[in-house]
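Structural description and commentary
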Amino acid sequence: GPGLVVAIDGTSGSGKSSTSRGVATRLGLRYLDTGAMFRAMTWWMLQHGVDVHDPAAVAARVEEPSIASGTDPQAPTIAVDDADVAGPIRSDAVNAAVSPVSAVPAVRSRLLRLQREVIAAAGDGIVVEGRDIGSVVAPDAPVKVYLSADPAARAARRAAEVGAADVAATRESLLARDRIDSGRATAPLVMADGAVHIDTTPYSLDEVIGLVVDLVEAVE
Ligand code: C5P
């Protein structure tokens, strides 16, 4: 069986990745960053000159790239057609295109298939982070968390992570993605039924990891 699934959803820059990796490391679980899969698909579309604002053009190419996620929480990897794309998927070009690409239903169904395969192969269990994990990808997950944070805190954190000088531009980019991700028809960002909401603004990373570990230990 798939073992324990911990579903972590939330807005852009709410600390999902650091929290998810920390929880997986502490509990000895695997880790899947589904955002990296959507970014990898988007990177491939841009590389192949696909108009990312034309849903039919995106849908027509969706089966072509091979996308592989490595699930070690201490060294997660993402590859497209066997090439490491961890760097390029964090570019401004991908940041600007990923939400429109992720709104295309054919993109979601292709990646949902891959996500379910990774989860099924995860042994003892896996922490899965994204936007629709608790609602669509793993609705039966025994632990669901929804992370949010104040936009100013998110922008400052993300700008520091990527070395961006322009915190205001980073903030606008995060909020633009949130608007599209929350407003799309297919698998929008929502707080899933049964999710525990944690506003991370006042907490350190270690404190948030501790809160989520406590939730997991309470169901085990
Ligand atoms: O998590 P991250 O910010 O890297 O995700 C990038 C984008 O991928 C999101 O803004 C969203 O458009 C898309 N995404 C999604 N569903 C997921 C994970 C990410 O639509 N489960």
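Keep in mind that what you see is a predicted model, and the values were worked out from it rather than measured.

1. Re the overall build of the protein chain
Along its length, the protein chain carries nine helices and eight strands. Relative to the globule expectation of 17 Å for 220 residues, the C-alpha radius of gyration of the protein chain, 16 Å, shows essentially globular dimensions. Each of the three principal axes of the protein chain carries a C-alpha extent, and together these read 50 × 40 × 30 Å. Across the 220 residues of the protein chain, 45% fall into the buried class. When contacts within the protein chain are restricted to residue pairs at least 6 apart in sequence, long-range pairs at least 24 apart make up 77% of them.

2. What about helix 2 (residues 34–47)?
Look at helix 2: 20 Å from first C-alpha to last across 14 residues, which is about the 20 Å you get at 1.5 Å a residue. With eleven of 14 residues buried, helix 2 is to be regarded as a mostly interior element. Residues of helix 2 that are buried include every one of Thr34, Ala36, Met37, Phe38, Arg39, Ala40, Met41, Thr42, Trp43, Trp44 and Met45, and no others. Gly49 sits one or two residues past helix 2 and shows a positive phi near 70°.

3. Thoughts on the UniProt feature "domain: Cytidylate kinase" (unreviewed entry) in the protein chain
With numbering matched to this structure, UniProt assigns "domain: Cytidylate kinase" (unreviewed entry) to residues 6–217. Its end C-alpha atoms 11 Å apart, residues 6–217 is made of 50% helix and 17% strand.

4. A short note on unusual backbone geometry
Unlike most non-glycine residues, Asp81 shows phi in positive territory, near 50°. On the basis of neighbour count, Asp81 is assigned to the partly exposed category, with 13 C-beta atoms found within 10 Å.

5. Things to note about the UniProt feature "binding site: ATP" (unreviewed entry) in the protein chain
Following the UniProt record, the feature "binding site: ATP" (unreviewed entry) maps to Gly10, Thr11, Ser12, Gly13, Ser14, Gly15, Lys16, Ser17 and Ser18 here. Along the chain, Gly15 falls in the loop between strand 1 (4–10) and helix 1 (16–27). With near-sequence residues (within four places) excluded, Gly15 lies in contact with Leu147, Ala149, Thr200, Leu205 and Val208. Within the secondary structure, Lys16 sits in helix 1. Every residue in contact with Lys16, bar those within four places of it in the chain, is listed here: Ile8, Gly10, Glu129 and Leu147.

6. Overview of the site of the ligand
Residues in contact with the ligand amount to 13 residues; listed here are only the nearest, Gly35, Phe38, Ser102, Gly130 and Arg131. Counting only elements with at least two residues in the shell around the ligand, the list comes to helix 2, helix 4 (92–102) and helix 8 (167–183). Among the residues forming the shell around the ligand, the class breakdown is two nonpolar, six polar and five charged.

7. Considerations on the sheet that holds strand 3 (residues 67–70)
Taken together, three strands build an open sheet; the order of strands is 3-4-5 and the sheet is antiparallel. Either end of the sheet is taken by a strand with one partner, and the two such strands are strand 3 and strand 5 (83–84). Here strand 4 (residues 77–80) pairs with strand 5 via two bridges, running antiparallel. What sits directly across from Val80, in strand 5, is Ala83.

Scoring rules and cut-offs
- Residues numbered from 1 in each chain as written.
- Predicted model: local features only at pLDDT ≥ 70, side-chain atom pairs only at ≥ 80, totals over all residues.
- Helix = DSSP H or I, 4+ residues; strand = E, 2+ residues; numbered from the N terminus.
- Rg over C-alpha atoms; globule rule 2.2 N^0.38 Å.
- Buried ≥ 20, exposed ≤ 12 C-beta atoms within 10 Å, placed from the backbone.
- Contact = placed C-beta atoms within 7 Å.
- Expected span 1.5 Å × (residues − 1).
- UniProt positions renumbered as here; feature names shortened; annotations may be inferred.
- Near = placed C-beta within 6 Å.
- Nonpolar A, V, L, I, M, F, W, Y, C, P; charged D, E, K, R; others polar.
- Pairing = 2+ DSSP bridges.

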